Amino acid sequence: QLIAQYPEGDVFVPALFDLGNLLFDAKKFPQAIDRYRAAAAKDPKDLLDKVYYKLGLAQMHADAADAAADAFAKLLRECPQSPLVPEAHYRLGRALQAQGKHSEAISAFERAIAANPGNQLIELSMYQIGESHVAEKAWAKGLAAYRAAAAKFPESQWIHEMRYGAGFCSQQLGAYQ
């Protein structure tokens, strides 16, 4: 109600963001998207990266991968110093995968890896590179990606998926052994 009474008050930008977060947590993604968009429209310098990040996540949950990709791209473009940049590259890659833009997704995952974000995000990015190669039926590249991920992270919680991907690509290449 306060936001409705004072729509121009920049002091309420954090409140818009917090309301978006509450709606996000309640899985009310369209309403959360509205709050995040309203907060982003105020161009809050200290919150903009977080607003775009949560906006992108909410849009992915709302099956709006194109809008999510746009939100993550805005974060990367407008907030290049944000600590969320590596994760935004990864999330951009996932949004591009959802749109069937696998070559672009691979580039986003490679940028996530290059940002040296920490092992879990590198693991996920390497695995998703394999997934995108498989979606493009680039079996040899997929095999190489899965093998590289499994070799770098042999204790990964996704090791079974990595091995399955490598086996699937090998089968497609006729390497049944």
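What you see is a predicted model, and the numbers here were worked out from it, not measured in a lab.

(A) Spotlight on the overall build of the protein. Summing up its helical and strand segments, the protein has ten helices and zero strands in all. Secondary structure of the protein in N-to-C order comes out as α-α-α-α-α-α-α-α-α-α. Roughly 9,700 Å² of accessible area belongs to the protein as shown, and the carbon and sulfur atoms make up 52% of that amount. Of the charged side chains in the protein, 19 are positive and 20 negative; the average position of the first set lies 3 Å away from that of the second.

(B) Summary view of the nonpolar core. Judged by nonpolar contacts, the single largest core of 56 residues is most densely connected at Phe-24, Tyr-36, Val-51, Leu-92 and Met-162. The residues contacting Phe-24, other than those within four sequence positions of it, are Phe-29, Ala-32, Tyr-36, Lys-54, Leu-57, Ala-58 and His-61.

(C) Structural detail: helix α10 (residues 159-172). Along its 14 residues, α10 runs 20 Å from first to last C-alpha, staying within 8% of the 20 Å computed at 1.5 Å per residue. Residues Ile-159, Met-162, Gly-165, Ala-166, Cys-169 and Ser-170 constitute the buried set of α10. On an axial view of α10, the arc spanned by its buried residues comes to 135°, and they lie on one face. For α10, the exposed residues lying more than 90 degrees away from the buried face are His-160 and Tyr-164.

(D) Main features of the pattern of salt bridges. The full count for this structure, using the stated rule, is four salt bridges. A salt bridge links Lys-50 to Asp-49, with the shortest nitrogen-to-oxygen separation between them at 4.0 Å. Looking at Asp-49, the relative accessible area reads 9%, which means it is buried. Linking Asp-70 and Lys-74 is a salt bridge whose minimum nitrogen-to-oxygen distance equals 3.5 Å. In this pair, Asp-70 and Lys-74 both sit in helix α5 (residues 65-78), four residues apart, roughly one turn of the helix. Residue classification places Lys-74 among the partly exposed positions, given a relative accessible area of 26%.

(E) Main features of the packing of helix α3 (residues 29-41) against helix α4 (residues 48-61). Close contact between α3 and α4 brings their axes to 9 Å; oriented N to C, the two are set at 155°. Between α3 and α4, the angle is such that the two are roughly antiparallel. At the point where α3 passes α4, the crossing takes the left-handed sense. Residues Phe-29, Ile-33, Tyr-36, Arg-37, Ala-39 and Ala-40 of α3 form the contact with α4, whose own contacting residues are Leu-48, Val-51, Tyr-52, Lys-54, Leu-55, Ala-58, Gln-59 and His-61. When the residues that make up the contact of α3 with α4 are grouped by side-chain class, the tally is ten nonpolar, two polar and two charged.

(F) Geometry of the environment of Lys-54. As for its placement among the helices and strands, Lys-54 is situated in helix α4. A relative accessible area of 16% means that Lys-54 is categorised as buried. Taking the C-alpha atoms as reference points, Lys-54 and Ile-33, 21 residues apart in sequence, are found 8.4 Å from one another. For Lys-54, the contacting residues outside a window of four places in its chain are Phe-17, Asn-21, Phe-24 and Tyr-36.

(G) Inspection of helix α7 (residues 102-114) at higher detail. A rise of 1.5 Å per residue sets the reference length of α7, with its 13 residues, at 18 Å; its end C-alpha atoms lie 18 Å apart and thus fit the reference within 8%. Those residues of α7 that sit buried are His-102, Ala-105, Ile-106, Ala-108, Phe-109 and Ala-112. Each buried residue of α7 sits inside an arc of 160° when the element is viewed along its axis, so together they form one side. Buried residues belonging to α7 abut α6 (85-98) and α8 (119-135). Positive backbone phi, approximately 50°, marks Asn-116, located one or two places after α7.

Reading guide: rules and limits
- Throughout this document, residue positions are counted from 1 along each chain, in the order its sequence is written.
- Given that this is a predicted model, residues contribute local features only at a pLDDT of at least 70 and side-chain atom pairs are listed and counted only at 80 or more, while totals for whole chains, interfaces and linings are drawn from all residues.
- To obtain the side-chain values, all non-hydrogen atoms of the structure were used and water was disregarded.
- To qualify as a helix, a DSSP run of H or I must reach at least 4 residues; to qualify as a strand, a run of E must reach at least 2; elements of each kind are numbered from the N terminus.
- Only the protein chains shown count as cover for residues, with accessible areas throughout obtained via the Shrake-Rupley method and a probe of 1.4 Å.
- We score Asp and Glu as negative and Lys and Arg as positive, and we do not count His or the chain ends.
- Charge placement uses NZ in Lys and CZ in Arg. For Asp and Glu, CG and CD serve respectively.
- Residues enter a nonpolar core if they are buried and are Ala, Val, Leu, Ile, Met, Phe, Trp, Tyr or Cys, with the set joined through side-chain atoms within 4.5 Å.
- Only protein chains enter the accessibility calculation, which uses a 1.4 Å probe; a residue whose area is less than 20% of its type maximum is buried, one above 50% is exposed, and one in between is partly exposed.
- Any two residues whose heavy atoms approach within 4.5 Å are treated as being in contact.
- Here, expected helix span is obtained from the residue count minus one, scaled by 1.5 Å.
- This arc is taken over the directions from the axis of the helix to the C-beta atoms.
- In the sections that follow, a salt bridge refers to a side-chain nitrogen of Lys or Arg positioned within 4 Å of a carboxyl oxygen of Asp or Glu.
- Each axis is a line fitted through C-alpha atoms, taken for helices only over the stretch in contact, and angles between the N-to-C directions span 0 to 180 degrees.
- We call two directions roughly parallel when the angle between them is under 35 degrees, roughly antiparallel when it is over 145, roughly perpendicular when it lies between 65 and 115, and oblique otherwise.
- Here a crossing is called left-handed whenever its near helix is offset anticlockwise from the far helix by less than a right angle, and right-handed whenever the offset is clockwise.
- Only Asp, Glu, Lys and Arg are considered charged, only Ala, Val, Leu, Ile, Met, Phe, Trp, Tyr, Cys and Pro nonpolar, and every remaining residue, Gly among them, polar.

Keep in mind that these numbers describe shape and distance, not what the molecule does.
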